[in-house]
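Chains, contacts and geometry: an overview
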Amino acid sequence: MSRSVVQPNSWVALRLPNDALRVLQVAPNTTISLGKYGSFPSNLLMERPFHLTYEVQEKRPGENFSRLRIVPGAELNADILAETNENEQTDGDAAIVVGEGEQLALVDESGKVVARSNREIIDDSARQTLTADEIEVLKREGASAGKELIAKLMLSHTAIDQKTSYSLAKYKLLKERKFLRRFSVLPLDVVLLGQWLLENRDAWKVLELRPEMMGLLGCWADVHFGGEPAQGVREPHGGRWLAVDDTGGLLVAALAERMGLLHHEPGEQAASPGPGEEEEESRPAAEAAAGQNGANGGPEQQQEPPSSPQAQRTSKKRPRCRDFDDHFALTNTITLIHSNSQPNLSVLRYFDYDAGDPNPTYPYHPLFTNLLPISWLQLVDPAQDVVCSEKPADATPEELASWKPNRRGNYHRKRRRWARTNEVIENTRAGGFSGLAVASTMDPVSVLREALPLLAGGAPIAIYSPTIEPLEQLVDCFSIGRRAAWVSSLPAEAEGKTQAELDRWRGTREFPINPTLVLGAAVQSSRARRWQVLPGRTHPFMTGRGGAEGFLFTGWRAIPAQGRVSARGKFQKKRGEAA
């Protein structure tokens, strides 16, 4: 899917004049409503570039819909261009004209007025001659999508000449946000989606994870593209990250965006099949007749004749593969540990990925082969999991041919589900992950007990929490004092254990977790504030959205040295010492 133009059924973000966001799906032949800013057909946005500003026009005679006008850049920046031209034409040292009876706030040595005083409070409702009824009439008449209405409001203001340049710009901006019927179309990314979820949806569902905290999580976990798989290597290698996500998939989306897995790229549709998706060269005739057609096991889709180019573009057969073949990528993967039978990844639907569909159509979304879900039960004790404990029995080709299509489909689905689950479990328990990113309500100590042994040496750790108390307790577990007490004298429960057993040690009250497994443990927080920028006034907003501040735990996986540690090297003797 191209990210340069608006595609049908794609999700986009609309930026309204009041800086509010509206996330919606551009479905064909529907009407998009923007509330008080008007409505228009969705087809007017399709196949048009992003980052354009549109203006909702009035309905033409005989039409029951509103058209859109692309606002040029010169019109959007008219005020800035006019101010620049005025500054170029006039002398920079010219004095400001002072009104009769006006008080001065700042005068330089030569007596020129530098700034007016705004001590006098101007009552906008009293100075505005247009009544509310007249404004409503102008709104119903259209008034050129709000521009004429704003101009009449400013001309009807009896005290417009008493406003400073700052107050005048603020007054005009306020009226534009209220009456101007414009919006900008932006491609939906993780930052815009996170902002929209915080401001317009239930923020607690995403743990009030703000965009700057998402950026810190990805940076401290060192999430990046993990590289292409090596030729001839069948074991997991390269960039592989562990994730624990209780934000509905927002953290996974942020990690996938950094790894290049969040969107379909135009060249991916013609890409070669992934691991385990190769065409089978030979198959028994009875198995082929049984409808064992690739990853879904259902009946094969009917295709139009090859001579039809439309059929070649829209109807593609999925490559056939055996049930027990490899289904997931070997590198550049995200292994998601979740608490339920299925992971909650509802946020990923905004990026055209359906986590509840085990058999999507080909070509696959990158997350289908690079996102590996595993439950805590499957990670800790796979034998207790129902899916892992019972391997589906094998059936002969003759038995498959005698079954009905529904029974054959269920048979192949169960076998593939078992194969996929065991593949994820084996790759996860083998360890060697490049980093860990966590945004969860679980106790971080319990998370690290199971996740730390799976990380490679020096792997970064980043854990987000809305409150600071759980992270402070976690930092205390890896403090210098606890580490020194552990090294000087092991607790009785840990004596005689190997290093592998100490990595998975369940802990005591004094040592909740092995304190030598993490170095550089620290807690930090960051909050980006919005700034107001107007002529002569630049300052951060003093008020903003409340909620959790958000804190981040960072550290690095350490592998304790085995045996006695001694210093080696060449040392020079001090002067005066005997040889």
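Here we summarise the structure given alongside this text.

Rules behind the numbers
Residues numbered from 1 in each chain as written. Predicted model: local features only at pLDDT ≥ 70, side-chain atom pairs only at ≥ 80, totals over all residues. Heavy atoms only, no water. Helix = DSSP H or I, 4+ residues; strand = E, 2+ residues; numbered from the N terminus. Buried < 20%, exposed > 50% of the residue type's maximum accessible area, 1.4 Å probe, protein only. Core = buried A, V, L, I, M, F, W, Y, C linked by side-chain atoms within 4.5 Å. Domains from an automatic or database assignment. Contact = heavy atoms within 4.5 Å. Salt bridge = Lys/Arg side-chain N within 4 Å of Asp/Glu carboxyl O. Axes fitted to C-alpha atoms, helices over the stretch in contact; angles between N-to-C directions. Parallel < 35°, antiparallel > 145°, perpendicular 65-115°, else oblique. Arc of directions from axis to C-beta. Phe/Tyr/Trp six-rings, centres within 6.5 Å; stacked < 30°, edge-to-face > 60°. Pairing = 2+ DSSP bridges. Expected span 1.5 Å × (residues − 1).

Description of the overall build of the chain
Looking only at helices and strands, one finds 20 helices and 18 strands in the chain. For the chain, the residues scored as buried account for 42% of the 579 residues in total.

What to know about the nonpolar core
Counting 52 residues, the largest nonpolar core has L188, L348, Y350 and L371 as its most contacted members. Of the residues forming this core, the biggest block, 8 residues, is contributed by helix α9 (residues 250-259). Each of domain 1 (1-87 + 113-188) and domain 2 (190-229 + 236-265 + 321-561) accounts for three or more of the residues forming this core. Here Y350 is in contact with W11, V23, L188, L193 and W196, once residues within four sequence places are set aside. Counting residues in hydrophobic clusters, the runner-up holds 34 residues, among them L372, V438, C477 and F551.

Some remarks on the pattern of salt bridges
A complete count under the given rule lists 12 salt bridges for this structure. Between D19 and R530 there is a salt bridge, with its nearest N and O atoms 3.5 Å apart. Residue D19 is located in the loop between β1 (10-15) and β2 (21-26), and its partner R530 is located in the loop between β15 (518-524) and β16 (531-534); the two are separated by 511 residues in the primary sequence. Judged by its relative accessible area of 31%, D19 falls in the partly exposed class. Exposure remark for R530: the relative accessible area of 55% places this residue in the exposed category. Residue E55 pairs with R69 through a salt bridge whose shortest N-O separation is 3.0 Å.

Considerations on the packing of helix α17 (residues 444-451) against helix α18 (residues 469-477)
Packing of α17 against α18 leaves a shortest axis separation of 9 Å and a crossing angle of 50 degrees. Judged by the angle between their axes, α17 and α18 are oblique. Where α17 approaches α18, its residues P444, V445 and L448 are matched on the opposing element by P470, L471, L474 and C477.

Focus on α18
Of the positions making up α18, those classed as buried are L471, L474, V475 and C477. Axial view of α18: buried residues confined to an arc of 155 degrees, hence all on one face. Of the surrounding secondary structure, the elements contacted by the buried residues of α18 are α17, β14 (460-465), α19 (480-488), β15 and β18 (551-557).

Here's the deal with the packing of aromatic side chains
Applying the stated criterion to the full structure yields 9 aromatic pairs. On the basis of an interplanar angle of 25 degrees and a centroid distance of 5.6 Å, the ring pair of Y54 and F183 is categorised as stacked. With a gap of 129 residues between them, Y54 in strand β5 (residues 53-56) and F183 in strand β9 (residues 182-187) connect regions that are remote in the sequence. Neither residue differs from the other here; Y54 and F183 are each classed as buried. For the pair Y364 and F368, a centre-to-centre distance of 4.8 Å together with 35 degrees between the ring planes defines the contact as tilted. The two residues Y364 and F368 agree in class, both being buried. Among the aromatic side chains, those forming a connected cluster through ring pairs are W11, W196 and Y350.

Description of the sheet that holds strand β6 (residues 68-70)
In space, the 5 strands of this open sheet follow the order β2-β1-β9-β5-β6, with antiparallel pairing throughout. Each edge of the open sheet carries a strand with a single partner, namely β2 and β6. Across this sheet, the average inter-strand angle for adjacent strands is 35 degrees, counted without regard to direction. Direction of pairing for β5 relative to β6: antiparallel, over a ladder of 3 bridges. Considered in β6, the bridge of E55 is made with R69. Of the strands in this sheet, β1, β2 and β9 touch helix α7 (residues 190-200), which is tilted by about 115 degrees from β2.

What to know about helix α16 (residues 405-429)
Between the first and last C-alpha of α16 there are 36 Å, a value that for 25 residues agrees with the 36 Å anticipated at 1.5 Å per step. Phi turns positive one or two residues past the end of α16, at G431, with a value near 80 degrees.

Some remarks on the pairing of strand β12 (residues 371-375)
Of all 5 residues in β12, 4 are buried, a share of seventy percent or more. Relative to β12, strand β11 (residues 333-338) runs parallel, the two sharing 5 bridges. Residue pairing across strands places H338 opposite S375, the latter belonging to β12.

Concerning unusual backbone geometry
Only a minority of non-glycine residues have a phi that is not negative, and only a minority of peptide bonds are not trans. With a phi angle near 60 degrees, N29 is a residue other than glycine that sits in the positive phi range. By the secondary structure assignment, N29 is in the loop between β2 and β3 (31-33). Note on N29: relative accessible area 67%, which makes it exposed.

The values reported here are purely geometric and, on their own, carry no functional implication.
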